[in-house]
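Understanding the architecture of this molecule
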Amino acid sequence: MTDRKNTPSLDTLFAQANGAIDPQTGGVVPPLQSATTFVRDEDYNPLSPNHVYARDDNDLTRLGEEMLAQAEHAEDGLLLPSGMAAIATVMRTVPNGGRIIMQSGIYWGATKWTRDFCARRDIDLIEVDCSDLKALQEAAKPAQILWIETPSNPYLKTVDIAACSTLARELGATLVVDSTAASPVISQPLDHGADIVMHSATKGINGHSDVLAGFLACKDAQSTLWQSLKTDRHDAGAVMGSFEAWLLIRGMRTLPLRMERMCTNALVIAKHLEQHPQVETVLYPGLDSNPGHEIASRQMTGGFGSLLSFRVKGSRENALKVVGKMGLFKRATSLGGVESLVEHRHTIEDTVPDNLLRLSIGIENIADLIADLNQSLT
Ligand SMILES: Cc1ncc(COP(=O)(O)O)c(C=O)c1O
């Protein structure tokens with residue numbers, strides 16, 4: 001039998017922030033460390049080991065990295081000031097004249113930045129729908145990076161991580177998975193063969209829409225790639241501020257609990273919308289009818305995430321009318337917060353169908369959310 005005393009579950013580790021306390025006072029919350037530099041003694045040794053300069057030495061950043069690396073079953077983790085900073089740090093490892101294979105139809109900011117970056121650096125960029133394995137295999141060529149996002153934003157497509165891992169080995173590529181929409185609670189891409197997992201920690205990990213943060217974790221901390229990511233973060237200075245790290249840890253203490261509630265709410269809403277007469281189609285990997293459901297069930301445990309999209313019957317005007325009537329769902333971009341949000345994605349990304357609405361489901365009472373959807377769909 002497992003000795004549960006020695007193997008606390010993720011819920012317990014997160015609730016207790018890995019047991020971190022204020023060592024000076026015994027306070028049950030780790031203190032906010034604001035110093036950017038640390039004193040040395042007469043012999044020029046640091047007064048406290050591992051405390052020289054804040055770019056490397058922030059205890060809160062280290063604690064957040066440890067907690068998230070544990071959740072991802074990773075050897076090491078790195079916090080960065082935003083999800084985009086994490087993406088750029090990985091992409092910058094590709095040499096001029098190299099090649100990146102990137103899933104199409106993913107978070108628009110990642111696509112846009114990578115396109116511009118590849119054009120500047122003479123890097124060949126192959127964009128392909130990686131949820132279609134055959135299409136991916138046909139388009140694939142030797143590359144430095146195979147970049148996938150699962151579930152994808154805003155189409156909620158599921159990509160088979162294990163199959164992509166096999167292909168990446170053949171291509172000599174590093175497989176990177178943007179797992180933002182899943183969170184580290186319900187999916188651990190490294191267990192399915194990914195080399196690097198990436199998150200916009202701005203989203204579910206923080207969960208309170210008040211911190212920008214990014215996270216990277218790896219399977220092999222000794223790999224050349226991981227070492228160069230660490231060097232890049234240090235040398236290029238893409239580090240989080242101390243207050244942001246403190247807020248992030250505070251948010252993360254309830255991450256497993258929030259995800260449980262958000263996933264339950266999202267599934268109920270997806271099923272409800274699926275049978276609503278004003279809805280054309282619902283995109284959510286938790287639905288039996290979703291083409292990615294079987295793979296998602298293998299890759300995700302305890303839920304299918306809090307993000308879903310649906311297409312309203314009719315045109316752009318019909319969709320905007322629905323959004324305009326919403327009361328509890330706030331009309332705002334982003335996802336993963338405790339409050340439910342709705343976004344008409346086409347308004348800022350014109351390749352997205354104009355009757356598609358993206359919902360980020362929060363922790364509110366499910367009956368209230370359903371009532372708001374029902375009154376706005378009439
Ligand atoms: C899937 C995904 N990846 C990355 C990002 C970028 O993260 P950030 O806004 O923290 O830079 C986002 C932001 O919406 C996202 O949805």
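Residues numbered from 1 in each chain as written. Predicted model: local features only at pLDDT ≥ 70, side-chain atom pairs only at ≥ 80, totals over all residues.

1. Overview of the overall build of the protein chain
- When its secondary structure is counted, the protein chain shows 13 helices and 12 strands.
- Seen through its C-alpha atoms, the protein chain measures out along the principal axes to roughly 75 × 50 × 45 Å.
- Of all 378 residues assigned to the protein chain, the portion counted as buried reaches 47%.
- Summarising the internal contacts of the protein chain: among those between residues at least 6 apart in sequence, 70% fall at separations of at least 24. (Helix = DSSP H or I, 4+ residues; strand = E, 2+ residues; numbered from the N terminus. Buried ≥ 20, exposed ≤ 12 C-beta atoms within 10 Å, placed from the backbone. Contact = placed C-beta atoms within 7 Å.)

2. Let's talk about the packing of helix 10 (residues 255-274) against helix 13 (residues 366-376)
- Orientation of helix 10 relative to helix 13, taken along the N-to-C sense of each, is 30°, at an axis distance of 10 Å. By the angle between their directions, the pair helix 10 and helix 13 is classed as roughly parallel. Between helix 10 and helix 13 lies a crossing of right-handed hand. Residues Asn265, Val268, Ile269 and His272 of helix 10 touch helix 13, and the partners they reach there are Ile366, Leu369, Ile370 and Leu373. (Axes fitted to C-alpha atoms, helices over the stretch in contact; angles between N-to-C directions. Parallel < 35°, antiparallel > 145°, perpendicular 65-115°, else oblique. Left-handed = near helix turned anticlockwise from the far one by under 90°.)

3. Quick notes on the domain arrangement of the protein chain
- When cut into domains, the protein chain gives domain 1 (10-252) and domain 2 (255-376).
- Secondary structure elements with two or more residues in the side of domain 1 that touches domain 2: helix 1 (10-15) and helix 7 (183-186).
- Split into classes, the residues belonging to the side of domain 1 that touches domain 2 amount to 14 nonpolar, 10 polar and 4 charged. (Domains from an automatic or database assignment. Nonpolar A, V, L, I, M, F, W, Y, C, P; charged D, E, K, R; others polar.)

4. Notes on the sheet that holds strand 10 (residues 330-331)
- Pairing within the open sheet is mixed, and its 5 strands lie in the order 8-9-12-11-10. Only two strands of the sheet have a single neighbouring strand rather than two, namely strand 8 (279-283) and strand 10.
- Both strand 11 (residues 341-343) and strand 12 (residues 356-360) contribute to a ladder of 3 bridges, which runs antiparallel. The partner of Leu341 across the bridge, within strand 12, is Ser360. (Pairing = 2+ DSSP bridges.)

5. Digging into the site of the ligand
- As a matter of local geometry, the ligand sits amid 15 residues, with Ser82, Gly83, Met84, Ser200 and Thr202 nearest to it.
- Here the residues of the shell around the ligand are counted per class, giving 5 nonpolar, 8 polar and 2 charged. (Near = placed C-beta within 6 Å.)

6. Some details on helix 10
- For helix 10, with 20 residues, the first-to-last C-alpha span of 28 Å sits near the 28 Å given by 1.5 Å per residue.
- When we look at burial in helix 10, the residues that qualify are Leu255, Pro256, Arg258, Met259, Met262, Cys263, Asn265, Ala266, Leu267, Ile269, Ala270 and Leu273. (Expected span 1.5 Å × (residues − 1).)

7. Observations regarding the sheet that holds strand 4 (residues 145-149)
- With mixed pairing, the 7 strands of this open sheet are ordered in space as 1-7-6-5-4-2-3. In this open sheet, the two strands that pair with only one neighbour each are strand 1 (76-80) and strand 3 (124-128). Sheet twist, expressed as the average angle between the axes of neighbouring strands with direction ignored, equals 20°.
- Examined bridge by bridge, strand 2 (residues 99-103) and strand 3 share 5 bridges and lie parallel to one another. Bridge pairing in strand 3 links Arg99 to Asp124.

8. Here we look at the nonpolar core
- Formed by 104 residues in total, the largest nonpolar core has its most connected members in Leu146, Leu216, Ala266 and Leu308.
- Of all the elements, helix 10 adds the most residues to this core, at 9 residues.
- The two domains that each donate at least three residues to this core are domain 1 (10-252) and domain 2 (255-376).
- Those residues in contact with Ala266, other than ones at most four positions away along the chain, are Tyr284, Gly286, Phe304, Gly305, Ser306, Leu308 and Ile361. (Core = buried A, V, L, I, M, F, W, Y, C linked by C-beta atoms within 7 Å.)

9. As for unusual backbone geometry
- For the peptide bond that leads from Thr150 to Pro151, omega is -10°, which places it in the cis range.
- Among the secondary structure elements, Pro151 is positioned in the loop between strand 4 and helix 6 (161-171).
- Geometrically, the link from Asn153 to Pro154 is a cis peptide bond, its omega value of 15° lying close to zero.
- With respect to the helices, strands and loops of the structure, Pro154 is situated in the loop between strand 4 and helix 6.
- Although it is not a glycine, Ala17 adopts a positive phi angle of roughly 45°.
- Secondary-structure assignment places Ala17 in the loop between helix 1 and helix 2 (59-71).
- A count of 20 C-beta atoms within 10 Å places Ala17 in the buried class.
- The phi dihedral of Asn50 is positive, around 60°, even though this residue is not glycine.

10. Overview of the environment of Thr202
- Here Thr202 is to be found in the loop between strand 6 (196-200) and strand 7 (214-218).
- C-beta crowding within 10 Å serves as the criterion here: with 25 such atoms nearby, Thr202 is assigned to the buried category.
- Taking the C-alpha atoms as reference points, Thr202 and Pro81, separated by 121 residues in sequence, lie 9.2 Å from one another.
- When residues no more than four places from it in sequence are discounted, the contact partners of Thr202 are Ser82, Gly83, Val211, Leu212 and Ala213.

11. Topic: the environment of Val52
- Counting through the fold element by element, Val52 comes out in the loop between helix 1 and helix 2.
- For Val52, the residues in contact, after removing those within four places along its chain, are Phe38, Pro46 and Asp57.

12. A few points about helix 2
- For helix 2, spanning 13 residues, the distance from its first C-alpha to its last is 19 Å, which sits close to the expected 18 Å at 1.5 Å a residue.
- Along helix 2, the positions that sit buried rather than exposed are Leu60, Thr61, Leu63, Gly64, Glu65, Met67, Leu68, Ala69 and Ala71.
- Each element contacted by the buried residues of helix 2 is listed here: helix 1, strand 1, helix 7, strand 7 and helix 9 (242-252).
- Residue His73 follows helix 2 closely and has a positive phi angle near 55°.

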